[in-house]
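# Tertiary structure, described
One letter stands for each residue in the lines below.
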Amino acid sequence: MAKNQFSPLDELPEESDLKKMVGNFKYKKIENHELPGPIASNGLVDKCNSFVMAASGSTAGMLYSFVGLRPDKGNVIDEHPFVLYYDYNDPSKNFGGIIHHGDWPERTKQLEPWQVAALGASGMTASFTYKSIPPGSSGSLDDLRANGVLDGISEQFNILFKNKPE
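Residues numbered from 1 in each chain as written. Predicted model: local features only at pLDDT ≥ 70, side-chain atom pairs only at ≥ 80, totals over all residues. Heavy atoms only, no water.

### Quick notes on the overall build of the protein chain
- Along its length, the protein chain carries four helices and eight strands.
- When its helices and strands are written in sequence order, the protein chain yields β-α-β-α-β-β-β-β-β-α-β-α.
- Evaluated residue by residue, the protein chain yields a buried proportion of 48% over its 166 residues.
- Considering only residue pairs separated by 6 or more positions, the protein chain has 61% of its internal contacts joining residues 24 or more positions apart.
- With an accessible surface of roughly 8,200 Å², the protein chain has 50% of that area assigned to carbon and sulfur atoms. (Helix = DSSP H or I, 4+ residues; strand = E, 2+ residues; numbered from the N terminus. Buried < 20%, exposed > 50% of the residue type's maximum accessible area, 1.4 Å probe, protein only. Contact = heavy atoms within 4.5 Å. Areas by Shrake-Rupley, 256 points an atom, 1.4 Å probe, with all protein chains shown as cover.)

### Points about a negative patch on the surface
- A contiguous patch of negative charge, built from D10, E11, E14 and D17, is present on the exposed surface.
- Along the chain, the position of D10 falls in the loop between β1 (5-8) and α1 (15-21). (Patch = residues over 30% accessible without salt bridge, like charges linked within 9 Å, V, L, I, M, F, W, Y side chains within 5 Å. Salt bridge = Lys/Arg side-chain N within 4 Å of Asp/Glu carboxyl O. Lys, Arg positive; Asp, Glu negative; His and termini not counted. Charge placed at Lys NZ, Arg CZ, Asp CG, Glu CD.)

### Brief notes about the nonpolar core
- Core analysis: the largest hydrophobic core is formed by 21 residues, its most contacted members being L18, F51, M53, Y64, F66, F82 and L84.
- Listing elements by their share of this core, those giving two or more residues are α1, β3 (50-57), β4 (61-72) and β5 (76-87).
- Beyond its immediate stretch of four places on either side in the chain, L18 contacts P13, P36, M53, Y64, F66, L84 and Y86.
- Ranked by size, the runner-up nonpolar core spans 19 residues in total, among them Y27, F95, L144 and V149. (Core = buried A, V, L, I, M, F, W, Y, C linked by side-chain atoms within 4.5 Å.)

### Side note on the environment of H100
- Within the secondary structure layout, H100 lies in strand β6 (residues 95-100).
- In this structure, the C-alpha to C-alpha distance between H100 and Q5, residues 95 residues apart in sequence, is 5.0 Å.

### Let's talk about the environment of L141
- Within the element layout of this structure, L141 appears in the loop between β8 (138-140) and α4 (149-162).
- Residue classification places L141 among the buried residues on the basis of a relative accessible area of 8%.
- Setting aside chain neighbours within four positions, we find L141 in contact with F25, K26, Y27, A54, A55, S56 and L150.

### What to know about the side chain of N49
- As for its placement among the helices and strands, N49 is situated in the loop between α2 (37-40) and β3.
- Its relative accessible area of 5% is what places N49 among the buried residues.
- Within the local environment of N49, its side chain forms a polar contact with the side chain of S50, the two groups lying 3.3 Å apart. (Polar contact = N/O pair within 3.5 Å; in protein donor to acceptor, adjacent residues only side chain to side chain.)

### Some details on the pairing of strand β2 (residues 26-30)
- Bridge count between β2 and β3: five bridges; the pairing is antiparallel. Within the sheet, the bridge partner assigned to K26 lies in β3 and is A55.
- Inspection of the sheet shows β2 paired to β8 by three bridges, in the antiparallel sense. Along β8, the bridge assignment pairs K28 with S138. (Pairing = 2+ DSSP bridges.)

### A closer look at α4
- For α4, built from 14 residues, the straight-helix expectation of 20 Å at 1.5 Å per residue is met to within 8% by its first-to-last C-alpha distance of 20 Å.
- Taken residue by residue, α4 has V149, L150, G152, I153, Q156, F157, I159 and L160 as its buried positions. (Expected span 1.5 Å × (residues − 1).)

### Some thoughts on the confidence of the model for the protein chain
- With 73% of its residues at a pLDDT of 70 or more, the protein chain shows a mean pLDDT of 79.
- When mean pLDDT is compared element by element in the protein chain, α1 scores highest at 96, while strand β7 (residues 108-110) scores lowest at 51. (pLDDT = per-residue confidence, 0-100.)

Structure, rendered in structure tokens:
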């Protein structure tokens, strides 16, 4: 499969629901059960341990990323994002999708031995820190710059716009 393959979503969550979850220029680490309906029902969600939700926008529109943290091959974790755009001038231009085989720095990260043990003992439900983001945390997008997550989210938004429907 090609790098940065984009699969459009047939249905987007209501943006009003997303605004209740995270504010502009903010992030929040969420559990799978907190995902909005159209994303929660996607089969890929079952492969993820948790998600980092981020929002970034302007008066023209809002971007959201739900970065799925997916354990892979026993000792690494991959980012698997759902990315969405809401156009405030023309809602018919709202779109979103899933990025498969993302290609950005630090997309795949080695798990620490205690994390591998936690996943082995309790399966995908084990909650753990990821790139220094503790479970249940939230903050500004700038807080994500130091651990490399912001660069990945920025690249996800670039990939989303490269796949904007005509």
